[in-house]
Protein chains: 2
Amino acid sequence: MNITVNPTRDNWANLTTRPAKEAANLSKTISDVFDEVQVHGDKALLLYTKKFDKVALKNLKVSEVEIGQARSLLSQDLKDAIALAKKNIEIFHSSQLIEKQVVETTNGVECWQEMRPIEKVGLYIPGGTAPLFSTILMLGIPAKLAGCKEIILCTPPDVFGNINPAILYAAELVGVTTIFKLGGVQAIAALTFGTESVPNVYKIFGPGNQFVTGAKQYALTKSVAIDMPAGPSELMVVTDQKANATFVASDLLSQAEHGHDSQVICVSDSLEKLKEIEAAVEKQLAVLPRRDMATSAIENSQLILIEDVSTQIDFINEYAPEHLILNVENEDAYLDNIINSGSVFIGAYTPESAGDYASGTNHTLPTNSYARMYSGVNMDSFTKKITFQKITKQGIKNIGPAIELMAEAEGLEAHKNAVTLRLESLK
Amino acid sequence: MNITVNPTRDNWANLTTRPAKEAANLSKTISDVFDEVQVHGDKALLLYTKKFDKVALKNLKVSEVEIGQARSLLSQDLKDAIALAKKNIEIFHSSQLIEKQVVETTNGVECWQEMRPIEKVGLYIPGGTAPLFSTILMLGIPAKLAGCKEIILCTPPDVFGNINPAILYAAELVGVTTIFKLGGVQAIAALTFGTESVPNVYKIFGPGNQFVTGAKQYALTKSVAIDMPAGPSELMVVTDQKANATFVASDLLSQAEHGHDSQVICVSDSLEKLKEIEAAVEKQLAVLPRRDMATSAIENSQLILIEDVSTQIDFINEYAPEHLILNVENEDAYLDNIINSGSVFIGAYTPESAGDYASGTNHTLPTNSYARMYSGVNMDSFTKKITFQKITKQGIKNIGPAIELMAEAEGLEAHKNAVTLRLESLK
């Protein structure tokens, strides 16, 4: 790992450059698949599944029988672990529901907000070696709490046409309405337009490779909303001299194993500690099953000495890390000053893994410096806030003349007239 | 106006088709302007301003002197009206700030959310005949309450290089940091990339014509966020037999005067009332200054008889109106069932104009059926919610084994190891 000592501010951006995305132009491929799915529906979906997932399916929809089998394939221990995670995610996300709070802005003028579910949502879960059933908990639980009526899950089948049982189990547990064996761009296109089998949805959530990410961006131009723009996962750890180097190394590696393009950055006020962490990373890396992936991510990563807390905070906010671990004793010097981050993990016993699975917070978070302007997935993601207002006769008398003046100044006479007629009727 | 009696459900979509957008392909124009601004900065901005706004500026930035002059040009009455609107908007938007609420999801595991401002935001206000200073209140006030550090306003100059004084006054009043005489695609490009004069921002807000709207969509692909996709404004009014037809007509016209492509829809359980409203619209329309615009919008619009409340509610939710006026006596039969709408106006004395200017709610709302999945602008729009978690030794003992099992099942050994090392240290 590269150790940098007290970098100057004009060097920060270089040090923290995110791994470059592949520059391949995917837009033609993506728009072609969307066009085909829009015109040919299920037929196109089955063809693409045969082409990309190497399996000829008869039905895209997962059957009750398959879900029942999945239930019997999981160990009770894993089911109990999932139940614990589910409970914590439910408790934390429930706390984000807002109560209706009526505000009287002027005598006779009442305003309030109410949360309403997005009625139809689509969740995408990638296939591949790691079955990301935890992401189903992170998306399906808040969708259900929000009251979304249709929760559609798409995930690609393996070459035998099967879905990992942990994915099916988690989907059923959280209340997914329908599960489809469908991946890639064609899944996003199906959720956008709807086909004979797959219902269209209003908003699409979930991770994916660059094709899926590009397809979600493309869906935005087809009147569908998405959770957030996606990029490779990343972690910043801030440590002091007392931090346990073994713990810090394990956190860095838990991020690094996500993929070749993951990025981990460790900031400390102690050069000795950074060297100790470097050694611990080497040691732990040697025995990791995913060490190939982790090794290249670690090569992209940085150990950085920054001595004073206030400069560290500026550095954090400039980087805007998806995950931030504060493994420091004086956490209070940091907390109120963290402006740009997705999720913050405080203290020696709060690894990122906790938030990835079971603390209760959401693990779908803004990467690639998007923490500057996006929140992670939360209850807002599955709801809209509608404003309501109710004005009495006295209320319109109180604010009507101001509305008339402002509408007139904007040259909008009919806006003014809607108030004038009411005020005249009250004379 | 067209009156439709008890339309069948399969005819609803036809009846409520939004006015077609121009199909002109703007993307080449937009990407060219972005490229020029990225490369040539201020020089490109000045050239485009000369080309499109017909004025050769020396400075893009509005001076203190100009702002001072604007202050002296506005009547005290209008200033008082703006002050009243500002107070109401502040009261309502302040009520949307969330308090930190720590939740213990499991013994020893604390999670919470905190709101943080988006540090740099850009507001766009169109030029043209109507100076939309009210939109500055609607965007600038929540930005300031949120704590945004830089609030940049771009608005096109007239041919003399001036900005309407009401716009300058409102911008200074709400705390806009810097105002630029800059409109169109070039303004959005400047806010996206930054130039010598104009700072780049993280999120861009505000209305505009199809070029500005297209430019905001394009900015999304350049790592900037936007408030929401935009479309022509629209209103649905639901009335019963007791509604005052004159009031309803004035509400329909206040929407219709926005533009040729505005849409107004009136639903009632009484055919007589619809005919009475039609007559009142004709009468009021004849004397409106913007009757040309309002006339073509009224031609696109619909009066629809739907007799039972539950069908009316389904119709509302299918249309997902930006503005919904419930001018009915039995409002309670509707309120809890409204799922898709931007803002709801309840009762005879709550015209849409009230929310456009001064009730306290925001007038930047989702159009074109986007109320299905987007909220109007509110405090969430100018903030992010960061999640925090803090776990004690006992806490990690309680949830650690579940994390280990789940990480293992997902094949993420390093995620597991970050917990295992901590649990072992506590044995």
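Residues numbered from 1 in each chain as written. Chains lettered and ligands numbered in written order. Predicted model: local features only at pLDDT ≥ 70, side-chain atom pairs only at ≥ 80, totals over all residues. Heavy atoms only, no water.

Peer 1: Can you break down the overall build of chain A residue by residue, with the values?
Peer 2: Within chain A one finds 17 helices and 14 strands. Across its three principal axes, chain A shows a C-alpha extent of roughly 85 × 60 × 45 Å. For chain A, long-range pairs separated by at least 24 residues make up 74% of all intrachain contacts whose partners lie at least 6 apart in sequence. When the accessible surface of chain A is split by element, carbon and sulfur atoms take 49% of a total near 15,800 Å². Mean positive and mean negative side-chain charge positions of chain A (38 and 51 charges, respectively) differ by 9 Å. (Helix = DSSP H or I, 4+ residues; strand = E, 2+ residues; numbered from the N terminus. Contact = heavy atoms within 4.5 Å. Areas by Shrake-Rupley, 256 points an atom, 1.4 Å probe, with all protein chains shown as cover. Lys, Arg positive; Asp, Glu negative; His and termini not counted. Charge placed at Lys NZ, Arg CZ, Asp CG, Glu CD.)

Peer 1: Pulling in residues and values, what's your account of the layout of surface pockets?
Peer 2: Approximately 460 Å³ is the volume found for the second largest pocket. Taken together, 23 residues make up the lining of the second largest pocket; nearest its centre are Leu97, Ile98 and Glu99 of chain A together with Leu97 and Ile98 of chain B. Where the lining of the second largest pocket is concerned, the elements lending two or more residues are strand S3 (109–117) of chain A together with strand S3 (109–117) of chain B. When the residues that make up the lining of the second largest pocket are grouped by side-chain class, the tally is 8 nonpolar, 9 polar and 6 charged. (1 Å grid on protein atoms, 1.4 Å probe; cavity = no way out; pocket = protein on both sides within 12 Å on 5 of 7 lines; lining within 4 Å. Points joined across faces, edges and corners; volume = space filled by probe spheres on them. Nonpolar A, V, L, I, M, F, W, Y, C, P; charged D, E, K, R; others polar.)

Peer 1: Go over unusual backbone geometry, please, and point to the residues and values.
Peer 2: Residues and elements named next belong to chain B. Its identity as a non-glycine residue notwithstanding, Asn6 has a phi of 40 degrees, on the positive side. Position of Asn6 among the secondary structure elements: in the loop between strand S1 (2–5) and helix H1 (12–15). Here Asn6 falls in the partly exposed class, since its relative accessible area comes to 39%. Backbone geometry at Ala320 places phi at a positive 55 degrees, although glycine is not the residue there. Relative to the elements of secondary structure, Ala320 occurs in the loop between helix H13 (309–319) and strand S12 (323–327). Here Ala320 falls in the buried class, since its relative accessible area comes to 0%. (Buried < 20%, exposed > 50% of the residue type's maximum accessible area, 1.4 Å probe, protein only.)

Peer 1: Outline the interface of chain B and chain A, listing residues and values.
Peer 2: Taken together, the contact pairs 115 residues of chain B with 116 residues of chain A. Linking chain B with chain A are 70 residue pairs in polar contact (both at pLDDT 80 or more). Residue composition of the side of chain B that touches chain A, grouped by class: 59 nonpolar, 36 polar and 20 charged. (Polar contact = N/O pair within 3.5 Å; in protein donor to acceptor, adjacent residues only side chain to side chain.)

Peer 1: Please give an account of empty space enclosed by the protein that cites residues and values.
Peer 2: Within this structure, the stated rule accounts for 4 cavities of 30 Å³ or more. The computed volume of the largest cavity comes to approximately 900 Å³. Lining the largest cavity are 41 residues, and of these Lys203, Asp227 and Tyr374 of chain A together with Lys203 and Tyr374 of chain B lie nearest its centre. Among the secondary structure elements, those contributing two or more residues to the lining of the largest cavity are helix H9 (210–220), strand S8 (225–226) and strand S14 (383–391) of chain A together with helix H9 (210–220), strand S8 (225–226) and strand S14 (383–391) of chain B. Per element, the largest residue contribution to the lining of the largest cavity is 3 residues, and it comes from S14 of chain A. For the lining of the largest cavity, the residue count by class is 20 nonpolar, 12 polar and 9 charged. As a volume, the second largest cavity reaches approximately 70 Å³. Looking at the second largest cavity, the residues that line it are Gln113, Lys385 and Thr387 of chain A together with Phe92, His93, Gln96, Gly342, Asn362, Leu365, Gly376, Val377 and Asn378 of chain B. A per-class count over the lining of the second largest cavity returns 3 nonpolar, 8 polar and 1 charged.

Peer 1: Now, about the relation of the copies chain B and chain A: what can you tell me, with residues and values included?
Peer 2: By a simple turn and slide, chain B fits onto chain A: the slide is 0.0 Å along the axis, the RMSD is 0.0 Å, and the turn is 180 degrees. Expressed as an axis order, the relation between the two copies is that of a two-fold axis. Residue by residue, 100% of the interface of chain B is reproduced at the interface of chain A, so both copies engage with the same surface. (Least-squares fit on C-alpha atoms with pLDDT ≥ 70 in both.)

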